[in-house]
Amino acid sequence: MIRTSFSPKVRPKKFDYEPRFYKPKDDRPLRDRIQFESKVRKGQAKSVTILAVLLFMVLYIIYQIGS
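Residues numbered from 1 in each chain as written. Predicted model: local features only at pLDDT ≥ 70, side-chain atom pairs only at ≥ 80, totals over all residues. Heavy atoms only, no water.

(A) How the structure looks around the overall build of the protein chain. When you go through the protein chain residue by residue, the secondary structure sums to two helices and zero strands. The 67 residues of the protein chain split such that 0% are buried. (Helix = DSSP H or I, 4+ residues; strand = E, 2+ residues; numbered from the N terminus. Buried < 20%, exposed > 50% of the residue type's maximum accessible area, 1.4 Å probe, protein only.)

(B) Spatial organisation of the packing of aromatic side chains. Evaluated as defined, the whole model comprises one aromatic pair. When the centroid spacing of 6.3 Å and the interplanar angle of 15 degrees are considered together, the rings of Phe15 and Tyr17 count as stacked. (Phe/Tyr/Trp six-rings, centres within 6.5 Å; stacked < 30°, edge-to-face > 60°.)

(C) Representation of a nonpolar patch on the surface within the structure. Together, Ile50, Leu51, Val53, Leu54, Phe56, Met57, Tyr60, Ile61 and Ile65 make up an exposed nonpolar region whose accessible area comes to about 970 Å². With respect to the element layout, Phe56 can be found in helix α2 (residues 44–66). Residue class for Phe56 comes out exposed when judged on its relative accessible area of 58%. (Patch = residues over 30% accessible without salt bridge, like charges linked within 9 Å, V, L, I, M, F, W, Y side chains within 5 Å. Areas by Shrake-Rupley, 256 points an atom, 1.4 Å probe, with all protein chains shown as cover. Salt bridge = Lys/Arg side-chain N within 4 Å of Asp/Glu carboxyl O.)

Shown next, in the form of structure tokens:
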């Protein structure tokens, strides 16, 4: 299609939308709306580390006995 200098440029139509239900609490920034919940209790991470160290020690002892 050949366009002449007299033809108008194609522009998108204007869109004006007013929401029916406005929630002002959702007007906060996204980083304030996202909340992370930790399901790990404070003492639980320490017990997992202790169990990992004990497992490593048992495997090391079994390896030394086998060789």
